[in-house]
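Close look at the chain arrangement
These are the residues of each chain, in order.
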Amino acid sequence: MTSEAYAQASTYLIAAATVVLAIAFVAHVAEWALARGADEEPTSASVAAGIGRSVTVLALLILLAGVVTRGLAAGRVPWGNMYEFGCAAVVLMLVAYLVLMRRWGRAIDWTGAAVTGIGTVVLGASMLVYVPAGPLVPALHSYWLVIHVFAAMLAGAAFVIGAIASAAYLLKSRNPAGFSRLPSATRLDEIAFKVNAFAFPIWTFAALISGPIWAQYAWGRYWGWDPKEVWAFITWVVYAGYLHARATAGWKGRAAAILCLVGFATFVFNFIGVNLFVGGLHSYAK
Amino acid sequence: MSGAATDAPELSRREFARWMWRQVTSMRTALLLLLLLALVAIPGSVLPQASVDARAVEAYRLAHPELAPWLDRLGLFHTYTSVWFSAVYLLLMVSLVGCIVPRTIAYAKAYAARPPNAPANFSRMPASSVHQVDVPDVDAAVQRARNVLGRARIDVRERDGVTELSAESGQLREFGNLVFHLAVVGVLVGVAVGSLYGYRGAVVVTEGDDFSNVLTQYDDFASGALFDREALPPFAIHLDAVDARFQLTGPQRGAPRSFAARGTWSVGTSADQEKSFDIRVNHPLKIGRTSVFLIGQGYAPVFKVTDAEGEVVFEDAVPFLPADATYTSSGVVKVPDAQPEGLGFQGFFLPTAITVGDDKAPISAFPAAANPLVGLFVFRGDLGLDTGRPQSVFMLDKTRLTQLENKDGTPLRVSLSPGQVADLPGGGSIQFVEVRQFARLQVSSSPFAWLPLGATILGVGGLVLSLLIRPRRTWVRVSRTVIEVAALDRITRGGGDLDDHVRRVAEAVLPSPGQEET
């Protein structure tokens, strides 16, 4: 196949994956609607959940094919601009979700609707910043692109799931009797912590180790308060705050969960806001 | 009472200091300072920063003449060296050190001490079990307990025929925690020391030209307070060629693809020890502890100016600064020695000029030099170079210059392709000889960069330990007739993990299955 054919295939596959993931989202929404009010989960709800999960796996496979063909079309790792970062990050988020499903089962399966919904939105939004497959600007000609950006995506994928758990915690702790599909508030807090405790060291590596090393090679300084660096630092500080808050009287619980959501919001702003509206050295949206 | 009254203020002052210290080093304060740090970092990402882009700051000042002085007063153009940003992170450091030092001492003491004694009543522990069994060999049972508890720190006490085993595992959690926080201090110290001894300078070098690493050759230069500016390492660079490649076809036409600067370098005066270099983005040239980076490139048209008396008064390459992605560049040519009056030229360079309309100025369609064109406005008079005031090489001081005009009163603009000559009204001429390229090189040294880097890597190691490891205490009490097991997690794991642990330990310690009664 020529690189044009790969590029064409990639575009179709990613569009198809977006549609399939949207179907998975609809199935999970149906699951919630059918389970509503019932103490025991009705079979129709678990059928919908099963459909949602199977379709999610299908969407992941199609998306993975789309991301791989994108890499083949461009002749490099497929995360060199905003569009590619969005698609590849959704792959990692879905993989993280499915891995956690295998490990934790019922403690995590309720995230299906949120994960597929967020995935659909990210893929759809990525198409707004679509750029044709092609080579990269000179600053990105480095193997650190593979390491640094992958670490940032992996941490981001985990931050998403942590944020979902923290949001659910806020709902559940306000109304412990309601939301029967959700695990207990204690369990939700624990899930959020475990996922964020996984993501935080990876984020530290992406933002404060591999980033500075690469910046030293590319720009001749390891830290220069470029807007992307500033917000990566802010995200790091807020998540550090979250980890401390979980062990501090008066901050445990709701305040910590809110910090987790704030941390995630800074991550999202760094990806969208800084890329599109602030600019700086990390302007690789196009 | 009066004695107490006079004593009270002194005591309360000490009490107050103590109270203050407790406040500063409390987790709550640390947390608030941490969040405050995130908050005060934001303005620096929104407003232009002098340390990042001084020209953007100037542009901002011009665009916001009312607001800029206030931002200046607040130090918002130097956010990360401002008083309030420094205050927050210094307080955070004090809080961190105040927290970490006592904890390190406590950790060392706890490490040296024996694991805590078994509680009197095991059933009060979160997980425990009692087994009424015949224990023929107490020592063997204790040994089995040791084996199953593996790498935990274990202490055994015997009293009145009852043997108590205390085990503590997961002390690496606190160790990792301490390492992580000490590493944060290490990073800050490393960054501070590095910036005191480091330097960074930038210089524009045109193809065919040389650069020697001395202060006077730099266009801009910044160094730490403890860096000796006279002690710049001696080396010289000769730039042979700049190679800039751009995407020729497709939707990304004109996007930069590769930049390289090639030439030779030598240390000292020995020209026979010249080595060649090929600096590209991401691939700096390393000369000892100094690195030379390619941070920009552009065009330097070569001009030859003849004055009204027929003398060649100027022949040199003049770097024009690129202003956009198609390398539409602007620059000035200063010819103070022209007779009878000095000459100044200000204008633009287009690497690939195309005409868009008869009466419109041409524009650049592509960043590579396929159809180079310069357009220059011409000025005559005193360039002001003798006044002693420093002048930018990219600006004309027009206070004592007169702009030359066409007969209809419109400003005279000369347009030249390489090789072309334009005669100037009132005598003299300017020739656009050829196009060269320039490289903007950054020469810098970041000493002690290994310190923050090493500290960060250590810190992540500590972080992983502190997040993964969960300390646990286990106690086993063995007598001839009873075996008791209890365990306590300092950080709960949930999911019945502690009960499983107690069951596992009990199974291993019991002499043989089937005799137990719970």
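What you see is a predicted model; the values in this text were computed from it and never measured. (Residues numbered from 1 in each chain as written. Chains lettered and ligands numbered in written order. Predicted model: local features only at pLDDT ≥ 70, side-chain atom pairs only at ≥ 80, totals over all residues. Heavy atoms only, no water.)

Attention now moves to the interface of chain A and chain B. On the chain B side, the residues contacting the 50 residues of chain A number 46 residues. Carbon and sulfur atoms supply 71% of the area buried between chain A and chain B, which totals about 3,900 Å² over both sides. By the criterion of area lost to chain B, the three top residues of chain A are A:Pro138, A:Tyr222 and A:Trp225, representing 15% of everything that side buries. Our count for the chain A to chain B interface comes out at 0 salt bridges. Those elements giving two or more residues to the side of chain A that touches chain B turn out to be helix 6 (185–219), helix 7 (227–245) and helix 8 (254–278) of chain A. With 15 residues, helix 6 of chain A is the largest single contributor of residues to the side of chain A that touches chain B. Split into classes, the residues belonging to the side of chain A that touches chain B amount to 37 nonpolar, 10 polar and 3 charged. (Contact = heavy atoms within 4.5 Å. Buried area = accessible area lost by both parts, 1.4 Å probe. Salt bridge = Lys/Arg side-chain N within 4 Å of Asp/Glu carboxyl O. Helix = DSSP H or I, 4+ residues; strand = E, 2+ residues; numbered from the N terminus. Nonpolar A, V, L, I, M, F, W, Y, C, P; charged D, E, K, R; others polar.)

So, about the packing of helix 7 (residues 138–149) of chain B against helix 10 (residues 497–509) of chain B. All names here are of chain B. Contact pair helix 7 / helix 10: the axes reach a minimum separation of 8 Å and the direction vectors enclose 140 degrees. Between helix 7 and helix 10, the angle falls in the class oblique. The way helix 7 lies across helix 10 gives a crossing that is right-handed. Between helix 7 and helix 10, the contacting residues are Ala-141, Arg-144, Ala-145, Val-148 and Leu-149 on the first element and His-501, Arg-504, Val-505, Ala-508 and Val-509 on the second. Split by residue class, the contact of helix 7 with helix 10 holds 7 nonpolar, 1 polar and 2 charged. (Axes fitted to C-alpha atoms, helices over the stretch in contact; angles between N-to-C directions. Parallel < 35°, antiparallel > 145°, perpendicular 65-115°, else oblique. Left-handed = near helix turned anticlockwise from the far one by under 90°.)

Residues and elements named next belong to chain B. Enumeration according to the criterion identifies 27 salt bridges over all chains in this entry. For Asp-155, the salt bridge identified is with Arg-114, shortest N-O distance 3.0 Å. Of this pair, Asp-155 sits in strand 2 (residues 153–159) while Arg-114 sits in the loop between helix 6 (83–112) and strand 1 (127–132); the two residues are 41 residues apart in sequence, bridging distant segments of the chain. Given a relative accessible area of 11%, Asp-155 falls into the buried group. (Buried < 20%, exposed > 50% of the residue type's maximum accessible area, 1.4 Å probe, protein only.)

Residues and elements named next belong to chain B. Spatially, the 5 strands line up as an open sheet ordered 1-24-23-3-2, and their pairing is antiparallel. Each edge of the sheet is formed by a strand with only one pairing partner; in this case those strands are strand 1 and strand 2. Recorded for the sheet is a direction-independent mean angle of 10 degrees between the axes of neighbouring strands. For strand 23 (residues 472–478) and strand 24 (residues 482–489), the ladder comprises 7 bridges, and the chain directions are antiparallel. Bridge assignment links Trp-475 to a residue of strand 24, and that residue is Ala-486. (Pairing = 2+ DSSP bridges.)

Here we take up the nonpolar core. A:Trp203, A:Tyr242, B:Val292, B:Phe303, B:Phe345 and B:Ile430 are the most contacted members of the largest nonpolar core, which has 167 residues in total. Top contributing element to this core by residue count: helix 6 of chain A, with 20 residues. One finds B:Ala141, B:Leu165, B:Ala487 and B:Leu510 within the second-largest nonpolar core, a separate group that totals 22 residues. (Core = buried A, V, L, I, M, F, W, Y, C linked by side-chain atoms within 4.5 Å.)

This brings us to helix 8 of chain A. All names here are of chain A. Across its 25 residues, helix 8 extends only 32 Å between first and last C-alpha, which sits more than 12% below the 36 Å expected from 1.5 Å per residue. Of all the bends in helix 8, the greatest measures close to 35 degrees and is centred on Phe-269. Positive phi appears at Gly-280, one or two residues downstream of helix 8, with a value of about 115 degrees. (Expected span 1.5 Å × (residues − 1). Bend = angle between axes of the 7 residues up to and from the residue.)

Next up on the list: the environment of A:Met82. Tracing the backbone shows A:Met82 in helix 3 (residues 82–104). Taking the C-alpha atoms as reference points, A:Met82 and A:Ser126, separated by 44 residues in sequence, lie 7.1 Å from one another.

Moving on, we come to the confidence of the model for chain B. Residues and elements named next belong to chain B. Looking at chain B as a whole, the pLDDT averages 86, with 95% of positions reaching at least 70. Contacts of residues 1–8 to residues separated by more than four positions or lying in other chains number 0 contacts, the stretch itself having pLDDT below 50. Within the model, the stretch residues 514–518 combines pLDDT values under 50 with 12 contacts to residues more than four positions away or in other chains. (pLDDT = per-residue confidence, 0-100.)

Before going further, it helps to spend a moment on the environment of A:Glu31. Residues and elements named next belong to chain A. Summarising the element assignment, Glu-31 is placed in helix 1 (residues 3–35). Separated by 84 residues in sequence, Glu-31 and Val-115 place their C-alpha atoms 14 Å apart. Those residues within four positions of Glu-31 in sequence are excluded, and the remaining contacts are Ala-45, Ala-48, Ala-49 and Arg-181.

This paragraph deals with the sheet that holds strand 5 (residues 210–212) of chain B. All names here are of chain B. Strand order in the open sheet formed by 4 strands is 5-7-8-9, and the pairing between neighbours is antiparallel. Lying at the two open borders of the sheet, with one neighbouring strand each, are strand 5 and strand 9 (275–280). The mean angle between the axes of side-by-side strands here comes to 30 degrees, regardless of whether they run parallel or antiparallel.

As a further point, take a negative patch on the surface. Together, B:Asp209, B:Asp210, B:Asp240, B:Glu274, B:Glu315 and B:Asp316 give the surface a local cluster of negative charge. Since its relative accessible area comes to 44%, B:Asp240 is described here as partly exposed. (Patch = residues over 30% accessible without salt bridge, like charges linked within 9 Å, V, L, I, M, F, W, Y side chains within 5 Å. Areas by Shrake-Rupley, 256 points an atom, 1.4 Å probe, with all protein chains shown as cover. Lys, Arg positive; Asp, Glu negative; His and termini not counted. Charge placed at Lys NZ, Arg CZ, Asp CG, Glu CD.)

Right, let's get into the pairing of strand 22 (residues 429–445) of chain B. All names here are of chain B. Pairing of strand 4 (residues 199–206) with strand 22, which is carried by 8 bridges, proceeds in the antiparallel orientation. Residue Val-204 lies in a different strand from strand 22, and its bridge partner there is Arg-440. Bridge analysis of strand 11 (residues 290–306) against strand 22 gives 15 bridges, and the strand direction is antiparallel. If you follow Val-292 over to strand 22, its bridge partner there is Val-443. Strand direction decides the pairing type here: strand 21 (residues 421–423) and strand 22, joined by 3 bridges, are antiparallel. Residue pairing in the sheet places Asp-423 in a bridge with Ser-429 of strand 22. Between the antiparallel neighbours strand 21 and strand 22 lie 5 residues, among them Gly-426 with a positive phi of about 85 degrees.

Another aspect to go through is a nonpolar patch on the surface. Together, A:Phe269, A:Ile272, A:Leu276, A:Phe277 and A:Val278 give the surface a local cluster of nonpolar side chains, amounting to about 450 Å² of exposed area. Along the chain, A:Leu276 turns up in helix 8.

Let's shift gears to unusual backbone geometry. Looking along the chain, the bond that leaves B:Gln339 and enters B:Pro340 is cis, with omega of 0 degrees. Along the chain, B:Pro340 turns up in the loop between strand 14 (329–335) and strand 15 (342–350). Residues other than glycine seldom take positive phi values, yet A:Trp225 does so here, at roughly 55 degrees. Along the polypeptide, A:Trp225 turns up in the loop between helix 6 and helix 7. Relative accessible area serves as the criterion here: at 19%, A:Trp225 is assigned to the buried category.

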